[in-house]
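The residues making up each chain are set out below.
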Amino acid sequence: MICLWLLGVIVCCSMPVAFAQSQKTVTGTVFDASKEPLPGVAVTIKGKTIGTLTDNFGKYSIVVGGPDDVLLFSLIGMMPESVVVGNQTQVTITMTQDVRTLNEIVVVGYGTQKKSDITGAISSVKSEDFNRGVVTNPGQLLQGKISGVNITNSSGEPGAAQNVIIRGIGSLRSGTQPLYVVDGFLIDNASQGFETNPLNFLNPNDIESMDVLKDASATAVYGARAANGVVVITTKKGKAGKTEMSFSASTAWSSLSRKIGVFSADEFRKQVVANKGNLVDGKGNTDWQDELTQTGLSKQIDLSIGGGSSDKFFYYASGGYQDQEGILKKSNLKRYSGKLNMNQKAINGKLNIDYNLTASRTENLRPNISSTITDMISLNPTIPAYTDGQPTLLPTNNLNPLKRYDIYSDKAVNNRILASISPSVEIVKGLVYKLNLGVDYSGTTRDQQYKPFPSVVNESNVSNGSLTTSISANTNKLVENTLNYNWSKDNHNLIVLAGHSYQSFLEEIRKFTYNGFVNNNIDPVYQDHTSPAPSSSTGLLPTTVDAVATKNELQSFFGRVNYTFKDKYLFTATLRADGSSKFGANNKYGYFPSVAAGWNISNEAFMTNSFFSNLKLRASWGQTGNQEIPSKITKTSYSEDRLTTGNQSYNTYPIDPTTTTINGYPYGVAYTRIANPNLKWEVSTQVNVGIDFAFFDNRLTGTLDYFNKQSSNILLEVTPIDPVQPTSFYWTNILGMKIQNNGLEFALDYNGKINNDFSYNIGGNVTYIQNKVKRSPYSVLTTGAAQGSGQTGATINGYITNEPIGAFYMYEFEGIGEDGRNKFKDNNGDGAILDNDRRVVGSAIPKFIYAYHINLRYKGFDLGLNFNGVAGNKVYNHTAMSLFTKAQLTKSNNTTDFATQYPTEVTSNANAVSTRYLENGSFLRLNNATLGYSLAPEKIGLANVVRNIRLAVTGQNLFVATKYSGFDPEINTGSTIGGVQTFGIDYFTYPKARTFLISLNATF
């Protein structure tokens, strides 16, 4: 049988073909970059009409005429390969995906498009290019992969929340989170009842691709919630004609990647005495960073099966279990996940039904992080960790953190289901109606408790025991109707989308707080409890109950037109109208338009002999919105109030003017919020100009984008200018105030090969962002403030006109004066150091974000290295300001040499907010490195059982080059102020881990 590859079609016949006497049969297997067998690959002989296709196991067999014959391997979507036969009788190759092919399908809002037809700024990452290792949420998969996207973990805690910043920060209130769309369902970023990432319910192994929509042309179709960009997550589906089962298992070990250089016990003794402190010498030698951390063991098992019984039914099902231990004890995240995707076709393909179901159970155990971090770097190192086998009771009856691990726990259990069904029907040729029904339900129970420990007398919640139980439920319902019309004729192609969307959100929270438990070694959560009566020893220990329910609705109408002429000239126009229950009657709806144009220059006749493989110019303008404000703030709210003992209130007055007791003052009704029906939507307006290019038969590809994004109608809760107001604060739009982000994004990628056995991929991206606040009516709008005794409320950073977001605003430290106290720069020259001497001294937001990768493949081996970094930003070391002072050292608390760098400093010197604690936040990190080997099943006699076996070793956070003195420069643990997020403050941050992972993947 002879098969011919003619014009993309394999034609088989039984004609005999004469070969020279040197003819021989060559066999082999074709794999993709993940070492999965590739079926349907065309294998031909260069210059001859001889060919075949690989089978479902990627195998082929072909008769060649001699050693000079060249085998050609081709498959749509993959880079073509060629191999000289020589003396070989077996040729096995790996094909790499041609991610730059113009026929690649990219997910856009409410549909897909060919990459060559895209007019907006959209970047895609496929599953084979994701970051590897211990991954608990999708954001980690993308870190460093896409220009213009800065992803940072707020801490090193398992499942920690992330800041995902797409093209800069453009809002005061809405934080940085983009809109996430999972298989067509729009996720709500509201808290799920515990302090970890809201996307932890997704198993990363179920994700097929992630598309990041960056400019307004791409995001405007999502309107009101797209100001921070959109991340579209597509999960895996079954494939036609191929039933495949995959199994993966991994084990990982995590440890503290970097210590803070506090004094050893011997050095501590010397330093306390040298600084005339009161040395409390416990005669021990304890490294509390070692005592309070552990080697965290993580394990993960995943099993999936997918396929299609015919061209009418496809399915994908998976189950996964992940158990990740943190490097602090009593720190753990467990996830049980299940996934089912099905697709059914009927009526000759005119009826299409998609079913998507994701279910998960997440169990999150957390220690008391702030207290533990404080203790591990400030506890006296001469105190032994244990005495007589029990944690040593610290001086002044303070709680030993090793004992805190035993008596404190914070456990949250979240059950979540995301389900949708999407039937679509072709009404007439080219016109498709689609209904999308979905629900996202999440329920969480969280218990924070202290077992009673009477030995500690100065902390009532510890000595008496306490329990706080929170029960929360989030329900997100979605109904969408869309019509999509696709028309083509001659050189014209037109796609028209029209749709309606309704989404409702219900959040319910109930919180119960109990104090005072029997010391019987039973967890308070399992005890019957009635608050005890007041006594001289316990005081008043009441039970408190709080409850709140919030409901919001969002109704939208949207449309989009895509027009293409001769595959050269592209045009896109979008309009979305969003109506939100959060806004008042006068501005219930917001309107968000966009237009874009593209020119495929490489398709022009004058480019026929050009050295460009691809060249496209794009330009867009559009607006998106932000509705992330508290519910009901446009409506009036009241509360009961009356005069109480020790607290003067002017909201009520006595009916009897001669009254002399509180009982003479009745309850009154007072405003807590005044109505504002004129409150407007926050609007982000963005301009984007981009170039896509490729050289050398698409082996070298790149993109260059310029963007300018400006937010207006800024939403904020402010203090009234007029002092005669019924409330202390109100919500308004800050008219005239703007937040601007403009910059350049550049990405470059090269695929090459040295010979048939060795291939490589090198690439990277860099983003320059200039952020600025314009025309703010406030001299400084504080977003980050100091915390702790004597420090609370002091401004660290904020929003200042003509300065970047997160601008650090403080005194400039010049050393220690002759009086032994801080010496600050007198910026205005008046001879006094006052508030007006503070200056902007840097920003928490990096100016440069960059990443690069190196991927090498040699026969069955593959090596991948991923680096990422930032430059041009500062970090405020609040931990150092609070703990590493001479005053702390003289009290026999440990510090670093930060406290002793000025010998003449007096112990009473104030640790005021200043540049003394401001450090360079730039870093370069080897974020991910993986060495893998794919074992050919036929070599071990398993060819009939296993398609592929891959073993890999992965390292995460292997090193970080930085000048920052804390655990890690990639942090953000400052508290929000009035709901406005802060950036770049390190306050007792859970440290990052260095992780090594061994994994096994097998495909059947």
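This write-up is about the structure you can find in this document.

Cut-off values and rules
The residue numbers shown here count from 1 along each chain, following its written sequence. The predicted nature of this model means local features are confined to residues of pLDDT at least 70 and side-chain atom pairs, given and counted, to a pLDDT of 80 or more, with totals for whole chains, interfaces and linings taken over all residues. The side-chain values count all of the structure's non-hydrogen atoms but skip hydrogen atoms and water molecules. Secondary structure elements are defined from DSSP: runs of H or I of at least 4 residues count as helices, runs of E of at least 2 residues count as strands, and each element is numbered from the N terminus. Relative accessibility decides the category of a residue: with a 1.4 Å probe and only protein chains considered, values under 20% of the type maximum give buried, values over 50% give exposed, and everything between is partly exposed. Throughout, a residue-residue contact means that at least one pair of heavy atoms, one from each residue, lies within 4.5 Å. Each accessible area is a Shrake-Rupley estimate made with a 1.4 Å probe; only the visible protein chains count as cover when residues are assessed. We define the nonpolar core as a collection of buried residues of types Ala, Val, Leu, Ile, Met, Phe, Trp, Tyr and Cys that are connected through side-chain atoms lying within 4.5 Å of one another. Should DSSP find at least two bridges between two strands, the strands are taken to pair. A cavity, in this analysis, means grid points on a 1 Å lattice covering only the protein atoms where a 1.4 Å probe fits yet has no way out; a pocket is instead an open set bounded by protein on both sides within 12 Å along at least five of seven lines, and a residue lines either one if it has an atom within 4 Å of a point. Grid points are joined across faces, edges and corners, and a volume is the space filled by probe spheres set on the points. What counts as a ring pair is set by centres within 6.5 Å for rings of Phe, Tyr and Trp (its six-membered ring), and what kind of pair is set by the plane angle: stacked under 30 degrees, edge-to-face over 60, tilted for all other angles. Look at NZ for Lys and CZ for Arg. If either is within 6 Å of the ring centre and within 35 degrees of the ring normal, a charge sits over the ring.

Across its full length, the chain holds nine helices and 55 strands. Relative to its full complement of 1004 residues, the chain shows a buried share of 53%. Long-range pairs, those at least 24 residues apart, make up 70% of the contacts in the chain between residues at least 6 apart in sequence. With an accessible surface of roughly 43,300 Å², the chain has 56% of that area assigned to carbon and sulfur atoms.

Nonpolar side chains tend toward joint burial in soluble globular proteins. Core analysis: the biggest nonpolar cluster contains 52 residues, and L172, I373, I377, I796, Y799, F808 and Y876 have the highest contact counts within it. Residue assignment for this core shows that the elements contributing at least two residues are α5 (369-378), α6 (401-407), β38 (714-718), β43 (795-799), β44 (807-810) and α8 (878-883). Residue contributions to this core peak at four residues, all from α5. The contact partners of I373, leaving out residues within four places of it in the chain, are L328, F967, F988, T989, Y990 and P991. Counting residues in each nonpolar core, the second largest holds 42 residues, with V149, F185, V230 and L497 among its members.

Among the five residues in β38, four count as buried, and that is most of the element. The pairing of β38 with strand β39 (residues 730-734) spans five bridges and is antiparallel. In the strand pairing of β39, E717 is matched with W731.

Let's shift gears to empty space enclosed by the protein. The tally for this structure, following the rule as stated, stands at 14 cavities of 30 Å³ or more. Approximately 480 Å³ is the volume found for the largest cavity. What lines the largest cavity is a set of 30 residues, and nearest its centre among them are V134, Q140, N153, Q956 and A993. No other element matches the three residues that strand β52 (residues 923-935) contributes to the lining of the largest cavity.

Turning to helix α3 (residues 265-274), its buried residues number three or more, namely A265, F268, R269, Q271 and V272. In this structure, the buried residues of α3 make contact with α9 (886-890).

Moving on, we get to the packing of aromatic side chains. Two numbers describe a pair of aromatic rings. These are the distance of the centres and the angle of the planes. All chains considered together, the criterion is met by 26 aromatic pairs. Taking 5.0 Å as the distance between ring centres and 20° as the angle between the ring planes, the aromatic pair formed by Y811 and F824 counts as stacked. A residue pair is termed long-range when its members are at least 10 positions apart, and Y811 in the loop between β44 and β45 (813-816) and F824 in strand β46 (residues 822-824) qualify at 13 residues. For Y811, a relative accessible area of 14% corresponds to the buried category. The cationic tip of R416 hangs over the ring face of F201; the distance from NZ or CZ to the ring centre is 3.9 Å. Positioned over the ring face of F923 is R925, at 4.9 Å from the centre of the ring.

Its location among the elements puts I233 in strand β18 (residues 230-235). Residue I233 is classed as buried on the basis of its relative accessible area of 0%. Setting aside anything within four residues of it in sequence, one finds I233 in contact with P138, Y180, V181, V182, D183, L199, L202, I207, S209 and M210.

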